[in-house]
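An overview of the molecular structure
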Amino acid sequence: MPVNADASDSMNEGDQDGLPINELFYSLQGEGRLAGVPSVFVRTSGCNLRCWFCDSYHTSWEPTHAWMDMDYVLAEIRSHSQANHVVLTGGEPMMHDRSVALLERLEEAGYHTTVETNGTIYREAPIDLASISPKLASSTPTPERDPKGAGAWEERHEERRIDIEALSRMVEAYDFQLKFVVTDSTDMPEIDDLVERIDDATNTSIRATDVLLMPEGANRDRLEETRETVAELAMERGYQFTPRLHVTLWNDAPGT
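Anyway, here's the lowdown on the structure attached to this text. (Residues numbered from 1 in each chain as written. Predicted model: local features only at pLDDT ≥ 70, side-chain atom pairs only at ≥ 80, totals over all residues. Heavy atoms only, no water.)

The next thing to look at is the packing of helix α4 (residues 164-173) against helix α5 (residues 188-201). The N-to-C vectors of α4 and α5 enclose an angle of 65°; their axes lie 9 Å apart at closest approach. Relative to α5, the element α4 is oriented roughly perpendicular. Every pair of crossing elements has a handedness; the one defined by α4 and α5 is right-handed. Judged by residue contacts, I164, L167, S168, V171 and E172 of α4 engage L194, R197, I198 and A201 from α5. In terms of residue class, the contact of α4 with α5 is built from six nonpolar, one polar and two charged. (Axes fitted to C-alpha atoms, helices over the stretch in contact; angles between N-to-C directions. Helix = DSSP H or I, 4+ residues; strand = E, 2+ residues; numbered from the N terminus. Parallel < 35°, antiparallel > 145°, perpendicular 65-115°, else oblique. Left-handed = near helix turned anticlockwise from the far one by under 90°. Contact = heavy atoms within 4.5 Å. Nonpolar A, V, L, I, M, F, W, Y, C, P; charged D, E, K, R; others polar.)

What follows is the structure in structure tokens.
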């Protein structure tokens, strides 16, 4: 269910009992250890980062949304009676205070919840699976990669993209997966270093199977270019490879 309205980078929620929702739809989880599981996706609008390859451009670079109150969101989720998994995604859903309230309501209703997050904002909430996708240096929208061509977000993105304290708190608090978007082999030293830094900052041991490598590609053509290389990199290190099942099935169509 795509919705369209203007949304700024820092949205003031005020007293509204709801969230800025960009899309709410039923599909298959496309990524991570639950790939293939029928799920309801609640996509909030707004992001504190600007990855140049963002596959949800309409939640970050040109964010759109409609305000939906909690009861409406829950009713829409319940209408998909086949699913007991809900994926809260974005943008960056943990930007919004009310995301916690939604997760609490979903827990009360008996749903399994996955939160797709860039790992820069920690909030205490009932999350069954924290799907944490730290953004690497290769994600930074340099002027030559900025989809708007200006490079205005380069410095802000680079300053914000890694927060070891927030990452370590998530890893300690939740069942988690560390999911990295990989463009090519030059990303691997940063991934290895970041996994080690997070591991050192927590009391939880990060296993190789907790680390998932995902090929960069928001459409089938680009995925075809990166997929084999990333699979080989995963095998070299004993990390898991995760497909982008939704891209393979539906290319870059919204609501998938």
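Next comes the rest of the description.
For α4, the full list of buried residues reads I164, A166, L167, S168, M170 and V171. Where α4 is buried, its residues touch β5 (112-117), β6 (129-132), β7 (176-182) and α5. Near the N-terminus of α4, the side chain that reaches the backbone nitrogen of E165, with its oxygen 3.1 Å away, is that of D163. (Buried < 20%, exposed > 50% of the residue type's maximum accessible area, 1.4 Å probe, protein only. Polar contact = N/O pair within 3.5 Å; in protein donor to acceptor, adjacent residues only side chain to side chain.)

All right, on to the pairing of strand β2 (residues 38-44) then. Across the seven residues of β2, six count as buried, placing the element largely inside the fold. Sheet topology note: the strand β1 (residues 18-28)/β2 ladder contains seven bridges and is antiparallel. If you follow L28 over to β2, its bridge partner there is P38. Across four bridges, β2 lies against strand β4 (residues 85-89) in parallel orientation. Paired with R43 across the bridge in β4 is T89. (Pairing = 2+ DSSP bridges.)

A disulfide bridge is the covalent bond that connects two cysteines by way of their sulfur atoms. For the structure on display, the rule yields zero disulfides. C47 takes part in no disulfide bond, and the closest cysteine sulfur to it belongs to C54, at a distance of 6.6 Å. With no disulfide of its own, C51 lies closest to C54 among cysteine sulfurs, the gap being 6.4 Å. (Disulfide = S-S within 2.5 Å.)

This paragraph deals with the packing of aromatic side chains. Within the structure shown, the criterion is met by four aromatic pairs. Ring geometry for F25 versus F41: centroids 5.1 Å apart, planes at 5°, classification stacked. Taken as a pair, F25 in strand β1 and F41 in strand β2 lie far apart in primary sequence, 16 residues in all. In this pair, the class of F25 matches that of F41, namely buried. With centroids separated by 6.5 Å and ring planes inclined at 20°, the aromatic side chains of Y57 and W61 adopt a geometry described as stacked. The exposure class of Y57 is partly exposed, given its relative accessible area of 28%. On the basis of relative accessible area, W61 is assigned to the buried category, the value being 7%. (Phe/Tyr/Trp six-rings, centres within 6.5 Å; stacked < 30°, edge-to-face > 60°.)

With that out of the way, let us pick up the side chain of T59. Take T59: it is sitting in the loop between β2 and β3 (66-69). Not counting the four nearest positions on each side in its chain, T59 is found in contact with N22, R43, T44, S45, G46, C47, G90 and G91.

Moving on: a negative patch on the surface. On the surface, E104, E107, E108 and D128 cluster together to form a negatively charged patch. Note on E108: relative accessible area 67%, which makes it exposed. (Patch = residues over 30% accessible without salt bridge, like charges linked within 9 Å, V, L, I, M, F, W, Y side chains within 5 Å. Areas by Shrake-Rupley, 256 points an atom, 1.4 Å probe, with all protein chains shown as cover. Salt bridge = Lys/Arg side-chain N within 4 Å of Asp/Glu carboxyl O. Lys, Arg positive; Asp, Glu negative; His and termini not counted. Charge placed at Lys NZ, Arg CZ, Asp CG, Glu CD.)

Glancing now at helix α2 (residues 98-108). Burial in α2 covers these residues: S99, V100, A101, L102, L103 and L106. Contacts made by the buried residues of α2 are with β1, β2, α1 (70-78), β4 and β5. Once α2 ends, the next one or two residues include G110, with phi positive near 90°.

Another aspect to go through is the environment of L102. Mapped onto the secondary structure, L102 falls in helix α2. Its relative accessible area of 1% is what places L102 among the buried residues. Those residues within four positions of L102 in sequence are excluded, and the remaining contacts are L19, V42, M70, V73, L74 and L88.

As far as function goes, none of this settles anything; it's purely spatial.
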